[in-house]
Structures are given as structure tokens and as C-alpha cells.
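# Structure assessment
Take a look at the letters that make up each chain.
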Amino acid sequence: MESSSIILLLVSASISFALGRIIVHFRNIKRKRRSLEQQAQALRDRPVEAEAKNKAKRKRQLKDLGKTASRKFR
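Notes on the structure in this doc start here.

Of the regular secondary structure elements, the protein holds two helices and zero strands. Across the 74 residues that make up the protein, the buried fraction comes to 3%.

On the surface, a cluster of nonpolar side chains totalling about 640 Å² of accessible area is made up of Ile 7, Val 11, Ile 15, Leu 19, Ile 22, Phe 26 and Ile 29. Residue position: Ile 15 is located in helix α1 (residues 3-45). Under the relative-accessibility criterion, Ile 15 is labelled partly exposed at 48%.

The next point concerns the side chain of Gln 61. The topology assignment puts Gln 61 in helix α2 (residues 55-72). Gln 61 has contacts with Glu 49, Ala 50, Glu 51 and Ala 52, leaving out every residue within four places of it along the chain.

The next point concerns a positive patch on the surface. Together, Arg 27, Lys 30, Arg 31, Arg 33 and Arg 34 line one region of the surface with positive charge. Relative to the helices and strands, Arg 34 resides in helix α1. Classification of Arg 34 by relative accessible area gives partly exposed; the value is 43%.

Cut-off values and rules
Residues numbered from 1 in each chain as written. Predicted model: local features only at pLDDT ≥ 70, side-chain atom pairs only at ≥ 80, totals over all residues. Heavy atoms only, no water. Helix = DSSP H or I, 4+ residues; strand = E, 2+ residues; numbered from the N terminus. Buried < 20%, exposed > 50% of the residue type's maximum accessible area, 1.4 Å probe, protein only. Patch = residues over 30% accessible without salt bridge, like charges linked within 9 Å, V, L, I, M, F, W, Y side chains within 5 Å. Areas by Shrake-Rupley, 256 points an atom, 1.4 Å probe, with all protein chains shown as cover. Salt bridge = Lys/Arg side-chain N within 4 Å of Asp/Glu carboxyl O. Contact = heavy atoms within 4.5 Å. Lys, Arg positive; Asp, Glu negative; His and termini not counted. Charge placed at Lys NZ, Arg CZ, Asp CG, Glu CD.

The structure is reproduced here in C-alpha cells:
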């Protein structure tokens, strides 16, 4: 083979490899973002805990519920 065809082969292989890696990189970013959104949605949609029998814990629960309710209306 000629040296020019070997160089052309190396250049095309490196470009192909680089494009593949870039596509995989952006796909991984998209998957990670979607995963974080699903986790956040799961936290928002989780069922409300039963009211605690401990008075201090019940106050904290009510305060936390008030914070989340105020965020929903913003």
C-alpha cells in the first residue's frame, strides 16, 4: 500500500472513533439527566408518611409539609 492511502486510512479511522466517542458521551449525559429527573419526580410523588406519635417529630413533619406546599404554589 502507498503511504498516502495508509495516512488516509488512519485519518478516517481516527475521525470515526472520535465521532463514536462524542456520540456516546452525549448519550451518557442525556441518560444521567433523565435519571436525575426521574429520581426527583419519584421524591415528589412519594406517598405522605403517616402522622407520627412523637409530638416533636409530628411538628417537624407538619413544618416540612408546609415548606413543600409553599413550593408548589410558587
